[in-house]
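Remarks on the overall topology
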Amino acid sequence: MVQDVLTVLASLYPNPVTELVHDGPWQLLVATMLSAQCTDRRVNMITPRIFARYPGPAELAQASVEEIEALIKDCGLYHSKARNLRATAEIIATQFDQHVPEDRETLMTLPGVGRKTANVVNKA
């Protein structure tokens, strides 16, 4: 039954595309993390100011949670998202040589990254 549904969905949407504007895995990860309880339109308004100030994981890892909160405040759940973004940036910068992990299981070990986020980033 589940496989039938997946087969139909794959035939209807052979190359699904996200509405989140991004340039590479790092930006897609951040945008997807922000998208929980927030519209893609709103996320696309927020991410340019994040990436202008903090273009990569190393830069975001150096930011304070309060600085990140100020940038994403108009996105729901911004307190926890800011903590998770900073922690994830630090892990990617220090443990993954600034590269977003490619496999879903490793992605799901990052703070604030669940199955849905890992699937979006992994499939891109």
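This write-up is about the structure you can find in this document. (Residues numbered from 1 in each chain as written. Predicted model: local features only at pLDDT ≥ 70, side-chain atom pairs only at ≥ 80, totals over all residues. Heavy atoms only, no water.)

**Digging into the side chain of T88**
Here T88 is to be found in helix α6 (residues 78-95). Beyond its immediate chain neighbours, meaning those up to four positions away, T88 contacts L29, M33, L110 and P111. (Helix = DSSP H or I, 4+ residues; strand = E, 2+ residues; numbered from the N terminus. Contact = heavy atoms within 4.5 Å.)

**Describing the pattern of salt bridges**
Counting across every chain of the model gives 5 salt bridges. A salt bridge links E67 to R53; its shortest N-O distance comes to 3.7 Å. With E67 in helix α5 (residues 65-72) and R53 in helix α3 (residues 40-53), this residue pair connects regions lying 14 residues apart in the sequence. By relative accessible area, R53 is classed as partly exposed at 47%. When the shortest N-O distance is used, the salt bridge between R104 and E105 registers 3.9 Å. (Salt bridge = Lys/Arg side-chain N within 4 Å of Asp/Glu carboxyl O. Buried < 20%, exposed > 50% of the residue type's maximum accessible area, 1.4 Å probe, protein only.)

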